[in-house]
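Each chain, written out:
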There are 2 protein chains.
Amino acid sequence: MTDGRVSPGFARTVLQQCVHARLQVKPAEGESIPEWVEIERGMVIYICFFKGATEDIIPKMVSTLLQVKLCEADSGKLVSVLDLPGSILIVPQATLGGKTKGRGMQYHGNIGKEEGLQLYASFVSQCEKELGSSSKCTEAGVVVKHGTYGSRQVLKLDTNGPYTHLIEF
Amino acid sequence: MTDGRVSPGFARTVLQQCVHARLQVKPAEGESIPEWVEIERGMVIYICFFKGATEDIIPKMVSTLLQVKLCEADSGKLVSVLDLPGSILIVPQATLGGKTKGRGMQYHGNIGKEEGLQLYASFVSQCEKELGSSSKCTEAGVVVKHGTYGSRQVLKLDTNGPYTHLIEF
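Every value quoted in this text rests on a predicted model; they were computed, and no experiment measured them.

A. The arrangement of the environment of Met 105 of chain A in detail. With respect to the secondary-structure elements, Met 105 of chain A resides in strand E9 (residues 104–106). Aside from chain neighbours lying at most four places away, what touches Met 105 of chain A is Gly 98, Lys 99 and Thr 100 of chain A together with Val 68, Leu 70, His 165 and Ile 167 of chain B.

Printed below as a string of structure tokens:
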């Protein structure tokens, strides 16, 4: 077991490409039905912050994740989500910070809840800003949607090949 | 960018819990319709091998992944996929070995195709053996399904919280 080999930086992201994705942002409560957000073609970003992460890393994360060429255009060529243009679904995923210990998982490297929430909110808003400032994106009507930090993330994902990538910061 | 911080070991796996998952194992060709495999409740294992990986690591990988407590039982308690018992969908995912270089991804650390195929086949068969030797699993009728190494992996995933984990070996 070499979980120790994954030396945490400040943030871990897993990216999957989708043709449709749907995330529950509010569970059913009493008589109320659950609330969902959804996107069509684009990218799902699962994100987890580690202890020591600060606001400084967010701009670099956003620019890397939104500009790396991982999306398949109709031509078959790989382009960024901004160039596709595609929508983005951001899923807070604290479990990504886990390390095996015996048969269980430990999350000791994860950032505290308050700080994590702040960084998450900042990441979401900078993604929204980036998409909003691209005329290609606004004309195409693509959107940024996101899960609720600290809640269970109930996800339905439909892909044309998830093309899963790991990018750490 | 600190992609260099993810120092590859011999294999990288990403795990997601599902209530239903469906993977295309043969695309449509001419008049033929695509072929799919599917599982109900259980775990999706995305797997990628790096250069230097050998047969020796497979038993440890299988025992770790099948015994780590990541599955939520009806009681809410976390148990292993063998104890759930749940089915397993293995998805070969070479993209997991990527590192950013500028705006693109490079896969120089990935194992060669022939060796990768051999390790993948061995991983699948050892997972099948492990499930097959658990009377709890065979009585419950849970199964191991898997994608086709080297092909595009078209996946549909339905979760009750994907609860995404990264485990490296």
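B. Spatial organisation of the pairing of strand E4 (residues 42–49) of chain B. Residues and elements named next belong to chain B. Burial analysis of E4 places eight of its eight residues in the buried class, the great majority of the element. Inspection of the sheet shows strand E1 (residues 11–18) paired to E4 by eight bridges, in the antiparallel sense. Bridge pairing in E4 places Arg 12 opposite Cys 48. One ladder, built from six bridges, connects E4 with strand E7 (residues 87–92); its direction is parallel.

C. Structural detail: the interface of chain B and chain A. Residue-level contacts link 48 residues of chain B with 48 residues of chain A. Roughly 4,100 Å² of surface becomes buried between chain B and chain A when both sides are summed, with 52% attributable to carbon and sulfur atoms. Taken together, the connections running from chain B to chain A amount to six salt bridges. Among the salt bridges present, the one from Lys 156 of chain A reaches Asp 158 of chain B, with a minimum N-O distance of 2.8 Å. Linking chain B to chain A there are 27 residue pairs in polar contact (both at pLDDT 80 or more). Secondary structure elements with two or more residues in the side of chain B that touches chain A: E1, helix H1 (57–67), strand E9 (104–106), strand E11 (154–158) and strand E12 (165–168) of chain B. When residues of the side of chain B that touches chain A are assigned to their parent elements, the largest contribution, five residues, is made by E11 of chain B.

D. Quick look at the pairing of E11 of chain B. Looking at chain direction, strand E11 (residues 154–158) of chain A and E11 of chain B are connected through three bridges and run antiparallel. Bridge pairing in E11 of chain B places Leu 157 of chain A opposite Leu 157 of chain B. Bridging between strand E2 (residues 20–26) of chain B and E11 of chain B involves five bridges; their strand directions are antiparallel. What sits directly across from Ala 21 of chain B, in E11 of chain B, is Leu 157 of chain B.

Conventions adopted
- Residues numbered from 1 in each chain as written.
- Chains lettered and ligands numbered in written order.
- Predicted model: local features only at pLDDT ≥ 70, side-chain atom pairs only at ≥ 80, totals over all residues.
- Heavy atoms only, no water.
- Helix = DSSP H or I, 4+ residues; strand = E, 2+ residues; numbered from the N terminus.
- Contact = heavy atoms within 4.5 Å.
- Buried < 20%, exposed > 50% of the residue type's maximum accessible area, 1.4 Å probe, protein only.
- Pairing = 2+ DSSP bridges.
- Buried area = accessible area lost by both parts, 1.4 Å probe.
- Salt bridge = Lys/Arg side-chain N within 4 Å of Asp/Glu carboxyl O.
- Polar contact = N/O pair within 3.5 Å; in protein donor to acceptor, adjacent residues only side chain to side chain.

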